[in-house]
Amino acid sequence: MNVALWIVASLLAALFLFSGVLKLLRTREQLAAAGYGFVTEVGDPFIRTIGILELLGAVGLVLPAMVDIAPVLVPSAAVGVALLMVGAMVVHQRRGERQAVATNVVLFAAAVLVAWGRFGPHAF
């Protein structure tokens, strides 16, 4: 189970690293063209804040355990990522984007799995 948790956390980290970097480096128009439709309804500070939170989540999912400094941050980051996905589900549901909601549900479940495993039976 430890290996499975590492794999799930690493995949989540890679995905949120990519998404966070995009939100920080791309313009609103570029993000909208890439399929991030919600950017047309929110301000730039909101987009950048989400990008920063995604980057922090990505780093927190793997780095503390890799360097063995404060590994309790791994499940804490997983909880943060899960909360981000709850917010994303709300936004996408309001916009009628069912496929995006389904993706958010899968990512939420993966983050909850990591949080459960690292807070519980497979803690560091």
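A brief look at the structure comes next. Starting afresh in each chain, residues are numbered from 1 along the sequence in its written order. Totals for whole chains, interfaces and linings use every residue, but because this is a predicted model, local features are given only for residues with pLDDT of at least 70 and side-chain atom pairs only at 80 or more, for both listing and counting. Only hydrogens and water are set aside when side-chain values are computed; all heavy atoms of the structure are taken into account.

**Observations regarding helix α5 (residues 98-119)**
Each turn of an α-helix holds 3.6 residues, which means side chains three or four residues apart point in the same direction. Threshold: Comment: elements are numbered from the N terminus, with helices defined as DSSP H or I runs of at least four residues and strands as E runs of at least two. Expected span of a helix: the number of residues minus one, times 1.5 Å. To sort residues, take the accessible area from a 1.4 Å probe on protein chains only and compare it with the maximum for the residue type: under 20% means buried, over 50% means exposed, and anything in between is partly exposed. Contacts were defined at the residue level, with two residues in contact if any of their heavy atoms lie within 4.5 Å.
Between its terminal C-alpha atoms α5 stretches 31 Å, which fits the 32 Å expected from 22 residues at 1.5 Å a residue. Regarding α5, the residues found buried are V101, N104, L107, A110, A111, V114, A115, G117 and R118. Where α5 is buried, its residues meet α1 (2-25), α3 (44-67) and α4 (73-94).

**Description of the nonpolar core**
For soluble globular proteins, the rule of thumb is that nonpolar side chains tend to be buried together. The condition that has to hold: Buried residues of nine kinds, namely Ala, Val, Leu, Ile, Met, Phe, Trp, Tyr and Cys, make up a nonpolar core once their side-chain atoms join them within 4.5 Å.
In this structure, L12, F16, L61, M85 and V114 are the most contacted members of the largest nonpolar core, which totals 25 residues. For this core, the secondary-structure elements that each account for two or more residues are α1, α3, α4 and α5. Broken down by element, the residue count for this core peaks at nine residues, all from α4. With residues near it in sequence (within four places) discarded, M85 still touches F16, N104, L107 and F108. In terms of nonpolar packing, the next biggest core, distinct from the first, is built from six residues, L22, L31, Y36 and I47 among them.

**So, unusual backbone geometry**
Negative phi values dominate among residues other than glycine, just as trans dominates among peptide bonds. Here D68, not a glycine, exhibits a phi torsion of approximately 55°, which is positive. Of note in this structure, A70 is not a glycine but carries a positive phi near 55°. Along the chain, A70 falls in the loop between α3 and α4.

**Side note on the layout of surface pockets**
Using a probe with the size of a water molecule, rolled over the atoms, empty space left in the structure can be pinpointed. The following threshold applies: Space inside and on the surface of the protein is sampled on a 1 Å grid over the protein atoms alone, with a cavity defined as a set of points where a 1.4 Å probe fits but cannot get out and a pocket as an open set with protein on both sides within 12 Å along at least 5 of 7 lines; lining residues have an atom within 4 Å of a point. Grid points are joined across faces, edges and corners, and a volume is the space filled by probe spheres set on the points. Each residue gets one label: Ala, Val, Leu, Ile, Met, Phe, Trp, Tyr, Cys and Pro are nonpolar, Asp, Glu, Lys and Arg are charged, and the others, such as Gly, are polar.
Approximately 590 Å³ is the volume found for the largest pocket. Lining the largest pocket are 24 residues, with K23, Y36, A88, H92 and N104 positioned closest to its centre. Put simply, the parts of the chain that give the lining of the largest pocket at least two residues each are α1, α3, α4 and α5. Of all the elements, α4 adds the most residues to the lining of the largest pocket, at six residues. For the lining of the largest pocket, the class distribution of residues is 14 nonpolar, seven polar and three charged.

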